[in-house]
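# Descriptive analysis of the structure
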Amino acid sequence: MRLKRAPVRVTLVDRHNHHLFQPLLYQVATATLSPSDIASPLRGILGRYGISVLLAEATGIDVQGKRVLLADGELTYDFLIVATGATHSYFGRDEWGRYAPGLKTIEDAVEIRRQVLLAFELAEREPEPVRRRELLTFVIVGGGATGVEMAGALSEISHHALVRDFQNIDPSQARILLVEGAAHVLPTYPENLSLNARRSLERLGVEVRTGVRVTRIDETGVYIGDEHIPAYTKIWAAGVAASPVAKSLGVQLDRAGRVEVTPELNLPGRKDVFVIGDLALFKEKGQAVPGVAPAAMQEGKHAAKNILRQLKGQPVEPFSYWDRGMFSVIGRGSAVGIALERFRMSGYIAWLAWLFIHILFLIGFRSKVAVLVNWAYSYVAFRRSARIITGGVPLRGRSSGKSALPAAGAILEEPHKATEPQPAVRSESP
């Protein structure tokens, strides 16, 4: 919005027609919220400001020719802000994505919700105890914020939301396993908060394994070393990689595919190209700024400010990140967090702070009200309001009487994840 009154024409290119509040995606995946509660149409947000929105997929950038290459055309620019975000990283084992979907888009969340709810439905009809146990085993790979929040939410589903809904199974007997390769869950947090998070998860019935790595994922389950854990539902929360668009920028990338930007957030050697969000590697005091929404928002505002300064003939200014804190919710009334780099909190106070911050950053009055109402309903009634299974339902085999079950896992075609908008800015005379 910094450019809305400037003498420029702004074009925003995105392969989706909506803005997505990613921090609450896991609540769509665990049936607390509906997709429309955390997503808003881009045209509805930006159209009133005269910003042109193009539904298209950016496949590359021709820096020398000042062109954005699209899957079905191209777009020229005077100034460019590249914010194409990140996608899942399976650390060179992309075939695992077939069985363990990640959580980056609404499509991912809806598919995971389908798998989770379908697992309970299939278990209700499964006569064999071993197979039923496999259906009620959920493995989350990665103990960062997404993995911790997913594990806590799955535990609450099984122990509260579904506990009285089935006749042949006890959903509270579901096994929820969280696997993290580092020594602690939430490894970016101080150790005492990480330990608090682990204790909270274990009180919820989550089995936490740290300091171990997954060596294989297939249709049957997950391998930790030589140990095989049969599981129908596997969820990937272990790593991210920058959008492939970065490869077309003609600069050196780090191991995660990110661009190491200048202090002003420019592409090295280019004052007309800015790189922000998950695609940018910005270091301050020797430390990389975390790839979180508040950092991306601050970077976006600063890039717009520097474009305006160039239009006025003024020098660009270096970016400085204001770390307001980070929070991760673990379950009902339980969270951990750090505010303003110094105030550490856990438990109910941290949970209330998490609620306030997420409502504050949601876009649109409708979304704020919808999320508040759904949270209140879930808190008071111990229920989930979005328990909808989409897609086909597996049929039981007629000859053997056994369930003809497909492998859990979505085959999601993801050539490029534009998790953040990519605007092209063209200057005009006043």
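Here the structure is shown first, and the text comes after it.
Quick look at the structure, then. (Residues numbered from 1 in each chain as written. Predicted model: local features only at pLDDT ≥ 70, side-chain atom pairs only at ≥ 80, totals over all residues. Heavy atoms only, no water.)

### Focus on the nonpolar core
The line we're drawing: Residues belong to one nonpolar core when they are buried, are Ala, Val, Leu, Ile, Met, Phe, Trp, Tyr or Cys, and are joined through side-chain atoms within 4.5 Å. Accessible area is worked out with a 1.4 Å probe on protein chains only. A residue is then buried under 20% of its type maximum, exposed over 50%, and partly exposed in between. Contacts were defined at the residue level, with two residues in contact if any of their heavy atoms lie within 4.5 Å.
Core analysis: the largest hydrophobic core is formed by 63 residues, its most contacted members being Phe-120 and Leu-154. Once residues lying within four places of it in the same chain are set aside, the contact partners of Leu-154 are Thr-30, Val-116, Phe-138, Ile-140, Ile-176 and Ile-235. Counting 35 residues, the second largest nonpolar core, distinct from the first, contains Ala-83, Leu-267, Val-289 and Ala-295.

### A closer look at the sheet that holds strand β25 (residues 334-339)
What counts is decided by this rule: Two strands pair if DSSP finds at least two bridges between them. Secondary structure follows DSSP: runs of H or I at least 4 residues long count as helices, runs of E at least 2 residues long count as strands, and numbering of each begins at the N terminus. Here an axis means a line fitted to C-alpha atoms, over the contact stretch when the element is a helix, while the angle between two N-to-C directions is reported on a 0 to 180 degree scale.
Read from one edge of the open sheet, 3 strands run β24-β25-β26, paired in antiparallel fashion. Each having just a single partner strand, β24 (325-331) and β26 (343-346) make up the two edges of the open sheet. Ignoring which end each strand starts from, the neighbouring axes of this sheet average 5° apart. Note: β25 against β26, 4 bridges, orientation antiparallel. Bridge pairing links Gly-337 to Met-345 in β26. Contacts between helix α7 (residues 191-203) and the sheet are confined to β24, β25 and β26, with β25 contributing the most and set at about 165° to the helix.

### Re α7
Every α-helix winds through 3.6 residues per turn, so residues three or four apart in the chain are directed the same way. The line we're drawing: Each residue after the first adds 1.5 Å to the expected span of a helix. Directions from the helix axis toward the C-beta atoms define the arc.
Helix length check: α7, at 13 residues, gives a terminal C-alpha distance of 18 Å against a target of 18 Å (1.5 Å per residue), a fit within 8%. Inspection of α7 places Leu-193, Ser-194, Asn-196, Ala-197, Ser-200 and Leu-201 among the buried residues, and these make up the whole buried set. For α7, the angular spread of buried residues about the axis comes to 160°, placing them on one side. Along α7, exposed side chains directed more than 90 degrees from the buried face belong to Glu-191 and Arg-203. Immediately beyond the C-terminal end of α7, within one or two residues, lies Gly-205, with a positive phi of roughly 95°.

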